[in-house]
Amino acid sequence: MRVLALNCGSSSVKSALIDTAHGRRLQEMHVENIGSDHARLHAGNEVRELRQGIDLPGAVDELLAAYRSAAPEAVVHRIVHGGEKFRETLRLDDAVLGEIEQLNHLAPLHNPPALAAIHRARAALPDIPHFAEFDTAFHSTLPAHAREYALPADVRRRFGIRRFGFHGINHAHVARSVAGYLKSDGLRIVSCHLGNGASVTAIEGGRSVDTSMGMTPLEGLVMGTRAGDVDPGVLLQLRREGHLDADELDDLLNKRSGLKGLAGTNDMREIERRAGAGDQDCELAIAMYVHRIRKYIGAYAAEMGGVDVIAFTAGIGEHSALIRRRCSERLEFMGVALDAASNDALKLTNDNPVAIFSAAGSRVHLLAVRADEELAMARATAAALGH
Ligand code: AMP
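Residue positions are given per chain, counting from 1 as you read along its sequence in written order. Only residues with pLDDT of at least 70 are given local features in this predicted model, and only at 80 or more are side-chain atom pairs given and counted; all residues enter the totals for whole chains, interfaces and linings. No hydrogens and no water enter the side-chain calculation; it runs on all heavy atoms of the structure.

Asker: Which parts of the structure should I look at to understand the overall build of the protein chain?
Answerer: Secondary structure summary: the protein chain contains 15 helices and 14 strands in total. A compact globule built from 387 residues would reach a C-alpha radius of gyration of about 21 Å, and the protein chain, at 21 Å, matches this within 12%. Of all 387 residues assigned to the protein chain, the portion counted as buried reaches 50%. Of the contacts made within the protein chain by residues no fewer than 6 positions apart, 63% connect residues no fewer than 24 positions apart. Total accessible area computed for the protein chain in this model is approximately 18000 Å², and 49% of it derives from carbon and sulfur atoms. Taken together, the 44 basic and 50 acidic charged side chains of the protein chain have centroids lying 2 Å from each other. Strands are runs of DSSP state E lasting at least 2 residues, helices are runs of H or I lasting at least 4, and numbering of each runs from the N terminus. Radius of gyration means the value over C-alpha atoms here, while the globule rule gives 2.2 Å times the residue count to the 0.38 power. Partly exposed describes any residue whose relative accessible area lies between the buried limit of under 20% and the exposed limit of over 50%, with all areas from a 1.4 Å probe on protein chains only and scaled to the type maximum. Residue contacts are counted whenever heavy atoms from the two residues lie within 4.5 Å of one another. For the accessible areas, the method is Shrake-Rupley and the probe is 1.4 Å, while residue cover comes only from the protein chains on display. Under the convention used here, Asp and Glu are negative, Lys and Arg are positive, and both His and the chain ends fall outside the count. One atom stands in for each charge, and that atom is NZ of Lys, CZ of Arg, CG of Asp or CD of Glu.

And the structure:
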């Protein structure tokens, strides 16, 4: 069937019309820079400037108008946070939307724009079913020991504090792609999603058993602009000595830290270029970025009693041979052997979405997997409709 997948970020919307029977993209478009004076709609090689000051619902209207003649049979929307309740692909109606709205406080930057887009899409395409796919859902299988923080039970209960994990749509897609590629279902996979946001997930037999993001997408890896793991004592110090309030801490940890805080930019291409020319801040940024990933790989290997596959995905995971190589170094003790030539030559496309770069005798398979949230969302929707 033809499913339209809409994937809203805070300043961008990705979209694709997918033929789910063949897993093919029939059409794809994205809008970037929403909220600035330079919002642009990209459709293939065509780029169109949108009107100044266009907001997210306005951008969604533009996309929907462009898809109408293609007659999608269903629409699926990505929602970052599904809270405790939403653990699978869900058909949307007014009552369910009301419940999802109750979760806005858990993901104030991400859920409200997605809901605004859903309202627009349901108004524009009222005669076809609309579905939601949640980024937290894949991690609903986390065992209690990986899900909880070591805080008093009454505090956790009162404030709803627990780990949820994110990037679940893509980690699930990686798990399925890897299982299909290696023709095996019982694999122990460490999936490294290395985009502007970044997380690592331990996957056993297709189920998430641990993941590096926690109650919010702040925990874990060094990211584009997020700090990832820091001693919570640092926050107390900044609160007490620096007199930073909650909003200032939020801004510091979410927007001014990570690669940007270390190297002045969150563009890994530029960081690699500058490090190559001897820039020490950039060298340190790469060293810290890789160090944190390797720490999680080691931790998850210990948790799962070994690893069969380490998979790299998203912007940096798919495109940076340097980061893949450095993350795979000194892991010979657990059976990892990289093939440098395959790693350097690796190129993923829609027709070639998985590639191997481990050496022939490597006990652990090193794979790169093209991130494809839209395909995963569309397939889940078709399955929910019995296709
Ligand atoms: P994403 O959020 O998945 O779009 O990933 C964004 C990140 O991927 C940014 O840090 C980009 O600099 C990085 N990226 C994209 N292409 C490359 C490349 N060829 N080499 C290194 N990093 C890249």
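Here the narrative resumes, following the displayed structure.
Asker: What should I look at first to understand the nonpolar core in this one?
Answerer: Generally speaking, soluble globular proteins have nonpolar side chains that are buried together. Buried Ala, Val, Leu, Ile, Met, Phe, Trp, Tyr and Cys residues form a nonpolar core when they are joined through side-chain atoms within 4.5 Å. Core analysis: the biggest nonpolar cluster contains 46 residues, and Cys192, Leu194, Tyr289, Ile310 and Ile323 have the highest contact counts within it. Every element with two or more residues in this core is listed here: β9 (188-194), β10 (198-204), α9 (258-263), α10 (268-276), α11 (280-304), β12 (309-313), α13 (321-328) and β14 (365-369). For leucine 194, the contacting residues outside a window of four places in its chain are Leu221, Tyr289, Ile293, Phe312, Thr313, Ala314, Gly315, Ile316, Gly317 and Ile323. If you look at the next biggest cluster of nonpolar residues, it comprises 22 residues, including Leu6, Met29, Val60 and Ala117.

Asker: Even after reading the chapter, I still don't get the sheet that holds β12, so can you show me in this structure?
Answerer: Strand order in this open sheet of six strands is β11-β10-β9-β12-β14-β13, and the pairing throughout is mixed. Strands with a single pairing partner mark the edges of an open sheet, and in this sheet they are β11 (207-211) and β13 (354-356). Averaged over all neighbouring strand pairs, the angle between strand axes comes to 25°, with direction disregarded. Each of β9, β10, β11 and β12 touches α11; the most contacted strand, β9, lies at about 160° to it. DSSP bridges decide pairing: two strands pair if at least two such bridges lie between them. The convention used is that axes are lines fitted to C-alpha atoms, helices contributing only their stretch in contact, and that angles between N-to-C directions extend from 0 to 180 degrees.

Asker: Would you explain the pairing of β9 in this entry?
Answerer: The side chains of a regular strand alternate, first on one face of the sheet and then on the other. Of all seven residues in β9, six are buried, a share of seventy percent or more. The turn linking β9 back onto β10 is made up of three residues. As judged from the five bridges shared by β9 and β12, these two strands associate in the parallel manner. The residue bridging valine 190 from the neighbouring strand is isoleucine 310, located in β12.

Asker: Explain the packing of helix α2 (residues 94-101) against helix α3 (residues 111-124) to me, please; I cannot follow it from the model alone.
Answerer: Following both chains from N to C, one finds α2 and α3 inclined at 165°, their axes separated by 11 Å at the closest point. Classified by the angle between their axes, α2 and α3 sit roughly antiparallel to one another. Seen along the crossing, α2 lies across α3 with a hand that is left-handed. Listed contacts from α3 to Asp94, Leu97, Ile100 and Glu101 of α2 are Leu115, Ile118, His119 and Arg122. Under the grouping applied here, Gly and all other residues not named as nonpolar or charged are polar, the nonpolar ones being Ala, Val, Leu, Ile, Met, Phe, Trp, Tyr, Cys and Pro and the charged ones Asp, Glu, Lys and Arg. Here the contact of α2 with α3 is composed, by residue class, of four nonpolar, one polar and three charged. Working definition: roughly parallel below 35 degrees, roughly antiparallel above 145 degrees, roughly perpendicular at 65 to 115 degrees, and oblique for all remaining angles. Should the near helix be turned anticlockwise from the far one by less than a right angle, the crossing is left-handed, and should it be turned clockwise, the crossing is right-handed.

Any functional reading would require information beyond the geometric quantities listed.
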